[in-house]
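# Examining the three-dimensional arrangement
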Amino acid sequence: MARGRRQCVLLVLSSSLCLSLLAVLHVLQKQNAHDMAAVKVPAAVRLLSYQPPGNGWNNQRIALENALVLAKLLNRTLVVHPLSPHELGAKLKAGHQSGYEAYNLLNESDLLPLKHFMDLQQMALLVPVIEVNTSHGRFRADYSRLTWRNVCHSSGFGYWVDQPPGMAAEVLLLSKQKFTPNVIWKQKCPEEQRRSERDPSPILRFVTEFAADQSEMLYFEQGTLFGIQIRFTALEMARTAQEWVLRYVQYNKEVWQRVGLVGKRLGTYNAVQMSKITHGFQPFKDAGFNIYFAEDFPDVLDFTYVPTSVRMDLLGVHEQCICQRAGKFVASPASTFDAFIRRQRGEVKMKDGLMMDTLHSCWIGHHI
């Protein structure tokens, strides 16, 4: 097991183990040559992008999901960025304050374009999508001729609200909002730091502030789209935003083909987060379970076509999907890896038709 990476154990009842050998699925994805130095954006196109927060994929995914919602609300084309390896990023992070700084140190050869595991065509049904396959420094240089507006709003100081309240009931709800600052993120956004020193009350920023902005690139800095909430004044709009994320942020068919083959070999199975195993695996064996790890399927889960640095991260994506399809799943608390699995399984707290805690688009009525 790789250090610092979440992993699921597959517990398969002996009586239901599928022993048939299946044809090996080996998907080779070709990387399209794309000269980012020649980027030309039509004058009428307005873009929205973000600084990936680094760290694990699920932190990066949350930033992507928030960016997708904002791009839809602001009618902008979404520019998405490659996955960075968790382990290598953690090593580079030493001596740096933030995961995003480590992300920016990575070379293009260490990154994995999202097309290798995300369904970008599905995402593009909601908003136009441009995929960046380069390092972040190269991305900024390639798009430097555009007019940029940089935005820094940290969950250490506040949250987003979709629009100023209109009705009296919305005004009342907004006046009663509760907010717990993320202390770690108080290191971000110098202007907000200075403002908070003068006035410690939460900083609210409205998405509609950017509705008429004519900047060609609206860019969210310092990884701040990870972890920050977008609170909606209308309950129905909050439901709609959650539906955008659930419907349009999907893993691609190649991922699900591999997961399907693993599932056929396993038959009926349950999955458990390894950190929940405190007394070894013998009790499970004594109860009649066979125990598998995703690495036990090297012919199906073959990622030799991607950079070595990101293979374990891509394996983690597949482990999430395997756990998602398990009969039962035992999760760990306070894990974005597990939270995504529970969300996809529908095993989350619901209130007023909204998922609580596992999605960052929410209703102001739930924060009073």
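This report concerns the structure included in the present document.

Thresholds applied
- Residues numbered from 1 in each chain as written.
- Predicted model: local features only at pLDDT ≥ 70, side-chain atom pairs only at ≥ 80, totals over all residues.
- Heavy atoms only, no water.
- Pairing = 2+ DSSP bridges.
- Helix = DSSP H or I, 4+ residues; strand = E, 2+ residues; numbered from the N terminus.
- Axes fitted to C-alpha atoms, helices over the stretch in contact; angles between N-to-C directions.
- Phe/Tyr/Trp six-rings, centres within 6.5 Å; stacked < 30°, edge-to-face > 60°.
- Parallel < 35°, antiparallel > 145°, perpendicular 65-115°, else oblique.
- Contact = heavy atoms within 4.5 Å.
- Nonpolar A, V, L, I, M, F, W, Y, C, P; charged D, E, K, R; others polar.

On to the sheet that holds strand β7 (residues 203–206). Read across the open sheet, the four strands follow the order β7-β6-β9-β15; overall the sheet is parallel. For this open sheet the edge positions go to β7 and β15 (361–363), each flanked by a neighbour on one side alone. Across this sheet, the average inter-strand angle for adjacent strands is 35 degrees, counted without regard to direction. Where strand β9 (residues 230–232) and β15 come together, three bridges link them in parallel fashion.

With that out of the way, let us pick up the packing of aromatic side chains. Tallied over the entire structure, the rule returns 15 aromatic pairs. Ring plane angle 50 degrees and centroid distance 6.3 Å describe the contact between F117 and Y251, whose orientation is recorded as tilted. Of this pair, F117 sits in the loop between α3 (99–103) and α4 (120–123) while Y251 sits in the loop between α8 (235–248) and α9 (253–266), and the two are 134 residues apart along the sequence. Ring geometry for F210 versus F220: centroids 6.4 Å apart, planes at 70 degrees, classification edge-to-face.

Turning our attention to the packing of helix α1 (residues 57–74) against helix α12 (residues 336–345). Look at α1 against α12: their axes get within 9 Å of each other, and the N-to-C directions meet at 55 degrees. Considering their axes alone, α1 and α12 lie oblique with respect to each other. For the pair formed by α1 and α12, the contact residues are N58, N59, R61, I62 and E65 on the first element and T336, F337, F340 and R343 on the second. A breakdown of the residues in the contact of α1 with α12 according to their chemical character gives three nonpolar, three polar and three charged.

Note on sheets: strands pair through backbone hydrogen bonds, and any given pair is parallel or antiparallel. In space, the five strands of this open sheet follow the order β4-β3-β2-β8-β5, with parallel pairing throughout. Among the strands making up the open sheet, the edge pair consists of β4 (129–131) and β5 (148–151). Between one strand and the next, the sheet's axes are offset by a mean angle of 25 degrees, whatever the strand orientation. Pairing geometry for β5 and strand β8 (residues 217–220), over four bridges, is parallel. Directly across from W148, in β8, lies its bridge partner M217. Strand contacts of α1: β2 (47–50), β3 (77–80) and β8, with the helix running at about 160 degrees to β2, the strand carrying the most contacts.

All quantities given are derived from atomic positions and should not be read as evidence of function.
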